[in-house]
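Okay, here's what each chain looks like letter by letter:
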Amino acid sequence: MVSTLRLQPVRLALPPGFDALRADAVAEGHRMLERLAAEWDAGQRFDRDGEALLVGWHGDALAGIGGVAQDPGTSGALRMCRFYVGPAHRRRGTARALAGALLREARRMGRPVLVNAGTPTAPAFWEALGFVPDPGGGHTHRLTATPEQPRAVPGR
């Protein structure tokens, strides 16, 4: 039910419900939201060129969070990071909507995007979005985003 999902940029503070989402992630053995909280406390605001941090809401419930940041190891590339959807909100299009919104600007800018698909189901998800396996440098997959070009009209 993506139609009920509301996306919102995170700018000034981590959103209400973040601690519960973080607890869900930790309970599943994931530390990405622990790292996000530590980075946020250290001043990381996803405000450099091409960066963004978004949350998705189903009604009043924080459903998921995800970011795209400059990749420290690959010049000009962005990296999907701190991406997590709570268990109660999976299989509802939340992850796809968050990822699509984050990737839109990277595609417009023609910047490659890297991701570390570190869970058993993650590679299939990212590959369905156009990422291809490309292990190395701390990532597992790459999306070579090229700016959209006008389509050629046959016969012209």
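Computed from a prediction, not measured in an experiment: that's the story for all the values here. (Residues numbered from 1 in each chain as written. Predicted model: local features only at pLDDT ≥ 70, side-chain atom pairs only at ≥ 80, totals over all residues. Heavy atoms only, no water.)

Visitor: Break down unusual backbone geometry for me, citing the residues and quoting the values.
Guide: Negative phi characterises most residues that are not glycine, and trans characterises most peptide bonds. Positioned with a positive phi, F46 is a non-glycine residue whose angle comes to about 55°. Position of F46 relative to the elements: it lies in the loop between α2 (32-41) and β2 (52-58). For R91, which is not glycine, the phi torsion reads 65° and is therefore positive. Tracing the backbone through its elements, the reader meets R91 in the loop between β4 (78-85) and α3 (94-109). Under the relative-accessibility criterion, R91 is labelled exposed at 87%. (Helix = DSSP H or I, 4+ residues; strand = E, 2+ residues; numbered from the N terminus. Buried < 20%, exposed > 50% of the residue type's maximum accessible area, 1.4 Å probe, protein only.)

Visitor: Help me get a handle on the layout of surface pockets, residues and values and all.
Guide: Here the largest pocket defines a volume of roughly 1,100 Å³. Around the largest pocket, the lining is made up of 34 residues, and of these M32, F83, Y84, A122 and W126 lie nearest the centre. Where the lining of the largest pocket is concerned, the elements lending two or more residues are α2, β3 (61-70), β4, α3 and α4 (122-128). For the lining of the largest pocket, the leading source of residues is β4, giving 7 residues. For the lining of the largest pocket, the per-class residue count stands at 14 nonpolar, 10 polar and 10 charged. (1 Å grid on protein atoms, 1.4 Å probe; cavity = no way out; pocket = protein on both sides within 12 Å on 5 of 7 lines; lining within 4 Å. Points joined across faces, edges and corners; volume = space filled by probe spheres on them. Nonpolar A, V, L, I, M, F, W, Y, C, P; charged D, E, K, R; others polar.)

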